[in-house]
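Breakdown of the fold
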Amino acid sequence: MFESLIGLVAIIALFVIISRQQSRIGLIERELGALRSLVLSGAVPFAARPSEQEASEGEAYTAPVAAPPADIAPAAISEPAPVQATEAEIPAAESVPGPWSTPEATPKTPEVAPAAVAKAARQSDVETALGTRWAVWVGGIALALGGLFLVRYTIEAGIFGPGVRLTMAAVLGLVLVAAGEFIRRTGFKVPVQGAAGAYIPAILTAAGAFILFGTVYAAHGVYGFIGPALAFTLLGAIGIATIAAALVHGQALAGIGLVGAMVTPVLIASQAPNPWALFGYLAIVLAATGVIARMRDWKALMAAAFFGTGIWTILYMTDAPGANLSAILFIDTVTLAVLALVWLSSRGETGPARSFDWPSIVPGLFVAFSALGLSVDLVFAAAGDALPGAVLLMVMVAVALYRPLALPLLYAAGLATVLIYLGIIPPTSIASDFSTGALGVDGVPLATANVLSLRLGIGLGVVFIAAGLWAARRFAASAQIRAASWAAWGVIAPLVILLALWFTFGNLDRDFVYAAVAALLVVVFAAGGEWIARAEEPPLRGGVAVSFALGGAAVAGLLMLHMAFDSGWTTTLLGATAIVPALATRWRSYPVLGWISVAAVIAVLGRVAFDPTIVGAEFLSMTPVFNWLLPGYGVPALAFGFAAWQLANTTDGRPRLAMEAAAALFALLTLAMLVRHAMHGGVINSDAPTLAEQAIYTLIAIGAGAILIAIDRRSPSSVLRYGSMAVGAVSVAFVVIQHFLVLNPLFTDESTGRIPVFNLLLLAYLVPAVAAGGLALYSRGKRPKWYSAMLALVAALLAFAYATLSVRRLFKGEFIGLWSGLGQLETYTYSALWLVIGVALLTAGVWLKSQVLRIASAGLIAVAVLKVFLFDMSELEGVLRALSFIGLGAVLIGIGLFYQRLLTRAAKEKG
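As the structure is a prediction and not an experimental result, all values here were calculated from the model.

In terms of helices and strands, the chain carries 31 helices and two strands. For the chain, the proportion of its 911 residues judged to be buried stands at 44%. For the chain, restricting intrachain contacts to residue pairs at least 6 apart in sequence, the fraction spanning at least 24 positions comes to 73%. About 43700 Å² of surface is accessible on the chain, with carbon and sulfur atoms providing 70% of the total.

Scanning the entire structure with this criterion turns up 10 aromatic pairs. With a centroid separation of 6.5 Å and 35° between ring planes, the pair formed by Tyr633 and Phe666 is classed as tilted. Linking Tyr633 in helix α22 (residues 629-649) with Phe666 in helix α23 (residues 654-679), this pair joins segments that are 33 residues apart in sequence. Taken individually, Tyr633 and Phe666 each receive the classification buried, so the pair is uniform in this respect. Ring centres of Phe800 and Trp834 lie 5.5 Å apart, and the angle between their planes is 50°; this geometry places the pair in the tilted category. Here Trp834 lies in helix α29 (residues 824-848) and Phe800 lies in helix α28 (residues 785-812), a separation of 34 residues in the sequence. The buried category is assigned to Trp834, whose relative accessible area is 13%. Between the NZ or CZ atom of Arg482 and the centre of the ring of Phe475, over which it lies, the distance is 5.1 Å.

Turning next to the packing of helix α11 (residues 361-376) against helix α13 (residues 386-402). Close contact between α11 and α13 brings their axes to 7 Å; oriented N to C, the two are set at 155°. The angle between α11 and α13 falls in the class roughly antiparallel. For the pair α11 and α13, the sense of crossing is left-handed. Between α11, through Gly364, Val367, Ala368, Ala371, Leu374 and Ser375, and α13, the contact on the second element is made entirely by Ala386, Pro388, Gly389, Leu392, Leu393 and Met396. Residues that form the contact of α11 with α13 fall into these classes: nine nonpolar, three polar and no charged.

Using the criterion set out here, one finds six salt bridges in the structure. Residues Asp566 and Arg510 are paired through a salt bridge, measuring 3.8 Å at the closest nitrogen-oxygen approach. With Asp566 in the loop between α18 (544-564) and α19 (567-576) and Arg510 in the loop between α16 (480-505) and α17 (512-534), this pair connects stretches of sequence that are 56 residues apart. According to the relative accessible area criterion, Asp566 is partly exposed, its value standing at 36%. Between Glu530 and Arg588 there is a salt bridge, with its nearest N and O atoms 2.7 Å apart. You can see Glu530 sitting in helix α17 and its partner Arg588 sitting in the loop between α20 (579-584) and α21 (591-610), a full 58 residues away along the chain.

Here Ser485 is to be found in helix α16. Relative accessible area serves as the criterion here: at 4%, Ser485 is assigned to the buried category. Beyond its immediate chain neighbours, meaning those up to four positions away, Ser485 contacts Leu407, Leu410 and Tyr411.

Moving on, we come to unusual backbone geometry. Geometrically, the link from Glu537 to Pro538 is a cis peptide bond, its omega value of 0° lying close to zero. On the secondary structure map, Pro538 appears in the loop between α17 and α18. With phi around 55°, Asp297 is a residue other than glycine that occupies positive phi space. Note on placement: Asp297 falls in the loop between α8 (275-296) and α9 (299-317).

An α-helical turn contains 3.6 residues, so a residue and the one three or four places further along point in the same direction. Here helix α25 (residues 718-742) spans 34 Å end to end across 25 residues, near enough to the 36 Å set by a 1.5 Å rise per residue. Of all the bends in α25, the greatest, near 25°, is centred on Val735. Turning to α25, its buried residues number three or more, namely Val719, Leu720, Ser724, Met725, Val727, Gly728, Ser731, Val732, Val735 and His739. Against α23, α24 (691-714), α27 (760-779) and α28 lie the buried residues of α25.

A few words now on a nonpolar patch on the surface. On the surface, Val736, Ile737, Leu741, Val742, Phe747, Leu818 and Trp819 cluster together into a nonpolar patch covering about 700 Å² of accessible area. The leading source of residues in the nonpolar patch is α25, at four residues. Residue placement: Leu818 occurs in the loop between α28 and α29. In this structure Leu818 comes out as partly exposed when scored by relative accessible area, which is 47%.

In terms of nonpolar packing, the biggest core is built from 109 residues, with Met396, Tyr421 and Trp486 touching the most fellow members. The element contributing the most residues to this core is α16, with 13 residues. Core analysis: the next-biggest nonpolar cluster, separate from the first, contains 29 residues, Val732, Val735, Ala764 and Tyr787 among them.

Secondary-structure assignment places Thr585 in the loop between α20 and α21. Only 2.4 Å separates the side chain of Thr585 from the backbone oxygen of Ala582, close enough to count as a polar contact.

Turning to the confidence of the model for the chain, a few remarks are in order. Of the residues in the chain, 67% have a pLDDT of 70 or more, and the chain-wide mean is 75. A low-confidence stretch, residues 44-135 (pLDDT under 50), is modelled with 115 contacts involving residues beyond four sequence positions or located in other chains. Of the regions scoring below 50 in pLDDT, residues 428-448 engages in 49 contacts with residues more than four places distant in sequence or in other chains.

Turning next to the environment of Val839. Residue placement: Val839 occurs in helix α29. Taking the C-alpha atoms as reference points, Val839 and Ile861, 22 residues apart in sequence, are found 8.1 Å from one another.

Our next topic: the environment of Trp298. Looking at where Trp298 falls in the secondary structure, it is placed in the loop between α8 and α9. Assessed through its relative accessible area of 11%, Trp298 is described here as buried. For the pair Trp298 and Ala254, spaced 44 residues apart in sequence, the C-alpha separation works out to 9.6 Å.

With that settled, the discussion passes to α18. A rise of 1.5 Å per residue sets the reference length of α18, with its 21 residues, at 30 Å; its end C-alpha atoms lie 30 Å apart and thus fit the reference within 8%. Among all positions of α18, only Ala545, Val546, Ala549, Leu550, Gly552, Ala553, Ala556, Gly557, Leu559, Leu561, Met563 and Ala564 are buried. Buried residues in α18 make contact with α15 (451-475), α16, α17, α19 and α21.

With that out of the way, let us pick up the environment of Gly594. One can find Gly594 in helix α21. Taking relative accessible area as the criterion, Gly594 reaches 3% and is therefore assigned buried. Taking C-alpha positions, Gly594 is 8.4 Å from Asp652, a pair spaced 58 residues apart along the chain. Residue contacts for Gly594: discarding those within four places in its chain leaves Leu647 and Pro655.

Attention shifts here to the packing of α19 against α21. Taken N-terminus to C-terminus, the directions of α19 and α21 make an angle of 155°; their axes are 9 Å apart at the nearest point. In terms of their interaxial angle, α19 and α21 are classed as roughly antiparallel. Crossing of α19 over α21 shows left-handed handedness. Between α19 and α21, the residues in contact are Ser567, Thr570, Thr571, Leu574 and Gly575 and Ala600, Ala603, Val604, Arg607 and Val608, respectively. When the residues that make up the contact of α19 with α21 are grouped by side-chain class, the tally is five nonpolar, four polar and one charged.

What counts as what
- Residues numbered from 1 in each chain as written.
- Predicted model: local features only at pLDDT ≥ 70, side-chain atom pairs only at ≥ 80, totals over all residues.
- Heavy atoms only, no water.
- Helix = DSSP H or I, 4+ residues; strand = E, 2+ residues; numbered from the N terminus.
- Buried < 20%, exposed > 50% of the residue type's maximum accessible area, 1.4 Å probe, protein only.
- Contact = heavy atoms within 4.5 Å.
- Areas by Shrake-Rupley, 256 points an atom, 1.4 Å probe, with all protein chains shown as cover.
- Phe/Tyr/Trp six-rings, centres within 6.5 Å; stacked < 30°, edge-to-face > 60°.
- Lys NZ or Arg CZ within 6 Å of the ring centre and 35° of its normal.
- Axes fitted to C-alpha atoms, helices over the stretch in contact; angles between N-to-C directions.
- Parallel < 35°, antiparallel > 145°, perpendicular 65-115°, else oblique.
- Left-handed = near helix turned anticlockwise from the far one by under 90°.
- Nonpolar A, V, L, I, M, F, W, Y, C, P; charged D, E, K, R; others polar.
- Salt bridge = Lys/Arg side-chain N within 4 Å of Asp/Glu carboxyl O.
- Expected span 1.5 Å × (residues − 1).
- Bend = angle between axes of the 7 residues up to and from the residue.
- Patch = residues over 30% accessible without salt bridge, like charges linked within 9 Å, V, L, I, M, F, W, Y side chains within 5 Å.
- Core = buried A, V, L, I, M, F, W, Y, C linked by side-chain atoms within 4.5 Å.
- Polar contact = N/O pair within 3.5 Å; in protein donor to acceptor, adjacent residues only side chain to side chain.
- pLDDT = per-residue confidence, 0-100.

Now the structure itself:
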């Protein structure tokens, strides 16, 4: 079983190595193909510059293409000198003599065929890979495994006792380490181009460290020769020594040592584990790794050390009832200290590439997770550990402030704070149980929702505000992303804390205390935004950091209105507040001000979507017009219109267009809601609207289209232009869907009223026809031709529908449903009426020079002709049938005569 496992590990390692080399060989073959094409075409490839050779470190070596003898100068002959070098110091493309070889003069290369050059280069590279890189790596693995196999063989064969076997293994490990150091000190450099990844001293040292780890563990875990304390110390010392040896052997060896050091506590079990021994050991390993990683700028090694320490901390916290709070705080403090005082000490903090240090993400996440666990876990929270958790978050903010490159700590602390205080809200409490690894939403308030939570929330809010605004001002001119990050969390965290505390401890109906706190935040954030803007370069530019601060002031104002006023006043005042940022553009041209007005629009839309009655259906008065709907919709409409006018005179841009659209929308909503309220007896959330109500909506839409066109004529705007056309299209959709189909009295048999003329048909068809025709006439030359034609066609259809339905009402009375049948006189009347309407449309089309009306006339007359020949011929009898055909013939002849005279007059005018 053991041999199979070892063999599997070796096979996996070889597979990884071979895969990497195959990709490199493929790249080399493609490059050789390109070089061959150049040689065959007669072009001479340029020699690679030294900078390019250094940049290709780690890539496979490509054999040089043969050049004419005159282009190759003999290399100078020099005596070998012992040179000490590491893998990091040796360029991959540099060919340096090893300690076992003597440099020779480079002979002149004879000119050979290009195909032979490519073949020789390919063979040379494969030989290099097999003879140097693969051989060295497989050899190192074989040495490490060989030491373990030797110990196992002696056990199975019984040749030596346990002590002798362990001594032999330890000696083998030390010999390998010494051999690696000897080769390095005797002037070793990588002897083959492209073989820097097979640095023999590092591989020998790694194999020796691997064998020493196994020996110490066997002495403790298998034979019991040494106790846990000594084994723990020896394994830790080997791990730290391996990490230290990486200073001369490269980062890979440090990784091996770090893995061994982090695994050591798992290998050494104890009957009474001591958390201080564990975390003291981890602190030493972390500090040593930090020093070495800082000396060589090994980011991956530092991140791995933080990761291992964080994993141990979280694993220890899973034993929540027995966890030692002091030990947790100790290792978290050491982690932050190593980050701030070791890893990030004296680092450059300028330039876009240094906006933050990515290894800082790892300790930020784990320390923040520790603070989160102390605050929301039921066991820790019951013990009062939320206070140390909050202190950890404050320390993270302080470290991020002290070391600007540790910006991820700010994000981690802010996110943990948000999660903690969202978790105390009773409807959405986040419960975490480290002992079971569960995290869920159970709807039960946590133990953290107490006075301590209130006080800690105030403290954390003050810390985030002070640090956020101060740091945002500090970096406003030099690092915009960093400044924006500080400003964002200086706003987000306090607002979430205030919201959570209000939901948990405040009065949701009306709470003036929390409203006063929100008003204070409005002042602080607005003043902070101005303070940051004065430090910008150039000043008062209104960058992203300023936008976050002023946006936070706007959100705090929204919370203040909800906390201090009831539903009706909140909606009305919220709409009115859109004026404030628009007026502020008179003194400051910050881009965010216009968008804050747009945010007010979105907030009001959300409120009216949630409660269209503004104050609740049970509190809405039944008095027409003068009720909460008028200020609830009308005041925002006026405020949005004023804000649009103000923005047009100052900053202009897209916010102004959005405010214009919002003003038009809320003007329409105001009229529509008042109409619905009046026509339904004070109830606006009733069933589908009637035809009369829908007719008023259609008239409102048509009127709004005309108003938008008129405003656009005085103050051109793309929003007004396209908005007017959109409103016209909506009104046409209303007519087609509601008037002609859904709510048509022919299909619904709705009462049309008892009064002969002033009835439902007049309101639903004739008045909209006049309105649509007027808008079509008004929009000619001001809007696209298709828009005016569409409205003219709809007006003609509405007039046709009114005349037709009025005839039916004349014969049927108040109810005109289709199921009541058709009489012969009624049928004849339709034919005569349609012919008259057709002639009227033709006359109007000629007079108005409207092709649409003339086409509509032709269509209607065609329908009348079809009706007479297909329907009247079979349904009518006697004189009605004759009159139908006579009338049709007379009208058609008259139309022909009319067109002839019209064409003759046109010809005379041209002549």
